[in-house]
Amino acid sequence: MCGIIGYTGKCDASGKLIKGLKVLEYRGYDSAGIAIERNGATEIIKCAGRVDKLQAFASEVKTSHTGIGHTRWATHGEVNDNNSHPHQVGKVTVVHNGIIENYRELSEKYSLTDKLKSETDSEVVAGILDFYYRGNPYDAIKNTVKELKGTFALGIIFQDIEGAIFAVRNVSPIVACVGYDGSYIASDALALAGHCDEYFVLPEMTIACVKDNEITVTDFNSNTVKLEMITADFTDNEYGKGDYPFFMEKEICQQPEVIQKTIEKRIKDGLPDFTADNIDDEFFEGIKSISIVACGTAMHAGLIGKGLIEKKVRIPCCVYLASEFIYTNPIIDESTLLICVSQSGETIDTLEALKYGKRNGAKVLSIVNVRQSSIARESDRVIYTNAGPEVAVASTKAYTTQLSIFFLLCGTLSLLYGKQTEIEIREFIREVEKLPAAIDSLLKRKDEIHKLSRSLLEAEHAFMIGRGYDYPALLEGSLKLKEISYIHSEAFASGELKHGTIALITDKTPVIALVTQSGLKLKEISNIKEVQSRGARVITFVKKSLNDGLINCDFELPDTIDELSVVPSVVALQLLAYYVSSDKGLDVDKPRNLAKVVTVE
């Protein structure tokens, strides 16, 4: 869970590296560093802390035209200058994303213990590369990689090979391009914005040699590898905050636009249509069960998908935490549709779950945001969410576009399996098409949510209660609150309160309640009264059509059908968490201990 950047070309390398690291900082921001090559020597500047701190140190660096950089999220060794990347041993300098599982054994095998300056697994890789390097970088890389167990993306410079960067990977991603002013490698395409017209994903277990105006890729048998080029459909402007103080607020406010972009080309004649995604009805034939695997926010989207699929399609559907999936001996076979959900498409737990599903014969459909990501490439079919770049660590627009895909997918399956008529599906899709306008109307009233958020600024604990689709919506809202405001927050299915959790409710305990489910309104009101009678301070979000005066409403949510109410509900909860965090003076986009792309188990 680190960011890698490399540049070689005609421009000053340190400036290019710093700019790239700032884009990639959402992948890790414990520490940062760069290594530049000049006149047969390698100069390394690195420090614990953010890229801005590194930039101040790097301001005195003399001009160089080749270098590699890294922004770190610590996995091995505490956060300090020594453990920061790049790492140099002898003539070899390395930046690394991933985890080397057998680094201790390798350190002993190659007698590196007394030579290493850090506590990291990454420096061991540099040591082994240096051990094998005798002037041929390819032999050194091949011999080293054969020893490594785990996941890795490596950017490497050899001190006596000027103007060249080498890269190799296993699972952890690397993209590369020949750009307008030189050549680049990076952890993901975000760092290439504005630098190229097209790029490629480095295939696993191949070696890239990156020079000013050319990149060659060979396999471990020295054969040239044919590359699949991807059009760079992004610009520098997409990655700026614009007039917003934080990326998270910008991304919350982009949701009407990106939901519209996600659904509009997948609706034809009023019905869901995935033919543009190369998915026809035949792909869904013979399915007897569905398993959804995901982590964190994506898993919460999967819970909504499960509820809809079981209600409308009547096929058994399970949702699994991807990190636990392969350890639970799930029942997966040729009649299973495995749906993998991931914003980045690089989430390692989800990727491993996908591979397990394929080994057991399942059809694999993935819902991801990043084109040609690892999960996308491994899947039988993939649906891209079209959310655009999501930079804030706390996911917002990726989640609501994932939900949008589940809504359309549910309509497709329901029609295919004869559980609903075309008339019923068309009516459901018409309601889905209203969601962008509903969110837009909510965003115009975000100042009301800002005022409500102030009652949570001093809270140490907060609880959220709701029923039906409100419960998984609150799971996501609770995650947003805890991850960016550091308030301990828990969501409960409110019918479970009296089975133990109501013991946590004391005088002035903040409780957030959702009331959007028509058939459950009276039960939800009863649960609200239960916590109020114990002294709770309740903030209620009530759907407009249910706001009939039976309960105090603090914020009126736009009307949607019950199954779609999660979208405006979660947008309101995203804003609530955002304002609590920003008013507390926290770094909303980069919460402590978290990174955006989880590429280690």
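Just above, that's the structure.
Notes on the structure follow. Residue numbers restart at each chain and count upward from 1, following the sequence in its written direction. Per-residue local features of the predicted model are confined to residues with pLDDT of at least 70, and side-chain atom pairs are confined, for both listing and counting, to 80 or more; whole-chain, interface and lining totals are unaffected and use all residues. Side-chain numbers here rest on the full set of heavy atoms in the structure, without hydrogens or water.

This brings us to unusual backbone geometry. A cis geometry characterises the amide bond from histidine 85 onward to proline 86, with omega recorded as 0°. Structurally, proline 86 is set in the loop between strand S4 (66-72) and strand S5 (87-89). Although it is not a glycine, asparagine 39 adopts a positive phi angle of roughly 55°. Among the structural elements, asparagine 39 can be located in the loop between strand S2 (31-38) and strand S3 (41-48). Notably, lysine 508 is not glycine yet its phi reads approximately 70°, a positive angle. Put simply, DSSP H or I for four residues or longer makes a helix, DSSP E for two residues or longer makes a strand, and each gets a number counted from the N terminus. Relative to the helices and strands, lysine 508 resides in the loop between strand S23 (488-493) and strand S24 (510-515).

The next subject is the layout of surface pockets. Grid points spaced at 1 Å over the protein atoms alone were grouped into cavities, where a 1.4 Å probe fits but cannot get out, and pockets, open sets with protein on both sides within 12 Å along at least five of seven lines, with lining residues defined by an atom within 4 Å of a point. Grid points are joined across faces, edges and corners, and a volume is the space filled by probe spheres set on the points. In this structure, the largest pocket encloses a volume near 960 Å³. The wall of the largest pocket is formed by 43 residues, among which Asp233, Asn369, Arg371, Gly388 and Pro389 lie closest to the centre. Examining the composition of the lining of the largest pocket, we find that 5 residues originate from one element, helix H7 (residues 255-264), more than from any other.

Each strand in a sheet pairs with its neighbour through backbone hydrogen bonds, running either in the same direction (parallel) or in the opposite one (antiparallel). The rule for pairing is simple: two strands pair if DSSP sees at least two bridges between them. Taken together, 6 strands build an open sheet; the order of strands is S5-S6-S7-S8-S12-S13 and the sheet is antiparallel. Each of the sheet's edge strands pairs with one partner strand only, and the pair in question is S5 and strand S13 (214-218). For this sheet, the mean angle separating the axes of adjacent strands, direction not counted, is 20°. Pairing between strand S7 (residues 150-158) and strand S8 (residues 165-170): 5 bridges, direction antiparallel. Paired with alanine 153 across the bridge in S8 is arginine 169. Axis definition: a line fitted to C-alpha atoms, over the contacting stretch in the case of helices. Angles run 0 to 180 degrees between N-to-C directions.

To count toward a patch, a residue needs a relative accessible area over 30% and no salt bridge; like charges are then connected within 9 Å, while nonpolar side chains (Val, Leu, Ile, Met, Phe, Trp, Tyr) are connected within 5 Å. All accessible areas in this document rest on Shrake-Rupley with a 1.4 Å probe, and a residue is counted as covered only by the protein chains that are shown. By definition, a salt bridge exists where a carboxyl oxygen of Asp or Glu is found within 4 Å of a side-chain nitrogen of Lys or Arg. Charged residues are defined narrowly, with Lys and Arg counted positive, Asp and Glu counted negative, and His plus the chain ends left uncounted. Throughout, a charge is located at the NZ atom of Lys, the CZ atom of Arg, the CG atom of Asp or the CD atom of Glu. On the surface, Asp280, Asp281, Glu282 and Glu285 cluster together into a patch of negative charge. Summarising the element assignment, aspartate 280 is placed in the loop between strand S16 (271-272) and strand S17 (289-294).

Before going further, it helps to spend a moment on the pairing of S2. Taken across its 8 residues, S2 has 7 buried, putting it largely inside the fold. Two elements, S2 and S3, share 8 bridges in a ladder whose sense is antiparallel. Residue pairing in the sheet places arginine 38 in a bridge with alanine 41 of S3. Examined bridge by bridge, S2 and S4 share 7 bridges and lie antiparallel to one another. Residue pairing across strands places isoleucine 34 opposite glycine 69, the latter belonging to S4. Buried residues are those whose accessible area, probed at 1.4 Å on protein chains only, stays under 20% of the maximum for their type, while exposed residues exceed 50% and partly exposed ones sit between those limits.

This part takes up the packing of helix H15 (residues 446-453) against helix H18 (residues 566-583). At a closest axis distance of 9 Å, the pairing of H15 and H18 adopts a crossing angle of 55°. The orientation of H15 with respect to H18, classified from their angle, is oblique. For the pair H15 and H18, the crossing hand works out as right-handed. Here Lys446, Ile449, His450, Leu452 and Ser453 of H15 lie close against H18, whose contacting residues are Ala572, Leu575, Leu576, Tyr579, Val580 and Asp583. In this count, Pro and Cys sit with the nonpolar residues alongside Ala, Val, Leu, Ile, Met, Phe, Trp and Tyr, while Asp, Glu, Lys and Arg are called charged and the others, Gly among them, polar. Of the residues in the contact of H15 with H18, the class split is 7 nonpolar, 2 polar and 2 charged. Any angle between 65 and 115 degrees counts as roughly perpendicular, while under 35 counts as roughly parallel, over 145 as roughly antiparallel, and the rest as oblique. Take the far helix as your reference; a near helix turned counterclockwise from it by less than a right angle gives a left-handed crossing, and one turned clockwise gives a right-handed crossing. When checking whether two residues touch, look at their non-hydrogen atoms; a contact exists if any pair is within 4.5 Å.

Once that is clear, we can look at the sheet that holds S17. If you walk across this open sheet you meet the 5 strands as S18-S17-S19-S20-S21, and the pairing is parallel. Edge strands, defined here as strands with exactly one partner in the open sheet, are strand S18 (317-321) and strand S21 (381-384). Strand-to-strand twist of the sheet, defined as the mean angle between neighbouring strand axes without regard to direction, takes the value 20°. Packing of helix H8 (residues 296-312) onto the sheet brings it into contact with S17, S18 and strand S19 (336-342), and relative to S18 it is tilted by some 170°. Lying over the sheet, helix H10 (residues 348-359) contacts S17, S19 and strand S20 (363-368), oriented at roughly 165° with respect to S19.

What follows covers the environment of glycine 49. Mapped onto the secondary structure, glycine 49 falls in the loop between S3 and helix H2 (51-58). C-alpha of glycine 49 to C-alpha of tyrosine 29: the two residues are 20 residues apart in sequence and 6.7 Å apart in space. Those residues in contact with glycine 49 that lie beyond four places of it in its chain are Tyr29, Asp30, Ser31 and Ala32.

Any pair of Phe, Tyr and Trp rings, taking the six-membered ring for Trp, is counted once the centres come within 6.5 Å. Such a pair is stacked with planes under 30 degrees apart, edge-to-face with planes over 60 apart, and tilted for the rest. In the structure shown here, the tally under the stated rule is 14 aromatic pairs. An angle of 25° between the planes, with centres 5.8 Å apart, marks the rings of phenylalanine 463 and phenylalanine 492 as stacked. Of this pair, phenylalanine 463 sits in strand S22 (residues 461-466) while phenylalanine 492 sits in strand S23, placing them 29 residues apart in sequence. For phenylalanine 463, a relative accessible area of 4% puts it in the buried group. Every member of this aromatic cluster is reached through a ring pair, and the members are Tyr133, Tyr138, Phe158 and Phe166.

Scanning all chains against the criterion turns up 25 salt bridges. Of the charged contacts, one joins lysine 312 and glutamate 563 as a salt bridge, the two residues approaching to 3.5 Å between their closest N and O atoms. Here glutamate 563 lies in the loop between strand S26 (555-557) and H18 and lysine 312 lies in helix H8, a separation of 251 residues in the sequence. A residue is classified by how much of its surface remains accessible, and glutamate 563, at 9% relative accessible area, is buried. Connected through shared salt-bridge partners, Asp269, Glu422 and Arg426 make up one network.

A separate point is the nonpolar core. Among soluble globular proteins, nonpolar side chains are generally buried collectively. Counting residues in hydrophobic clusters, the biggest one holds 88 residues, and the most contacted among them are Phe284, Ile290, Ile339, Phe407, Phe541 and Val566. At 12 residues, the largest contribution of residues to this core is made by H18. Ignoring anything within four residues of it in the chain, the contact list for valine 566 reads Ile304, Tyr399, Leu403, Phe407 and Ala473. Nonpolar cores were defined as sets of buried Ala, Val, Leu, Ile, Met, Phe, Trp, Tyr and Cys residues, with membership established by side-chain atoms within 4.5 Å.

Closest axis-to-axis distance for the helix H4 (residues 121-132)/helix H5 (residues 137-145) pair is 8 Å, and the angle between their directions is 130°. With respect to each other, H4 and H5 are oriented oblique. Our pair here, H4 against H5, has a crossing hand that is right-handed. Contact residues: H4 offers Val125, Ile128, Leu129 and Tyr132, while H5 offers Ala140, Ile141, Asn143 and Thr144. Per-class residue counts for the contact of H4 with H5 are 6 nonpolar, 2 polar and no charged.

In short, geometric facts, not functional conclusions.
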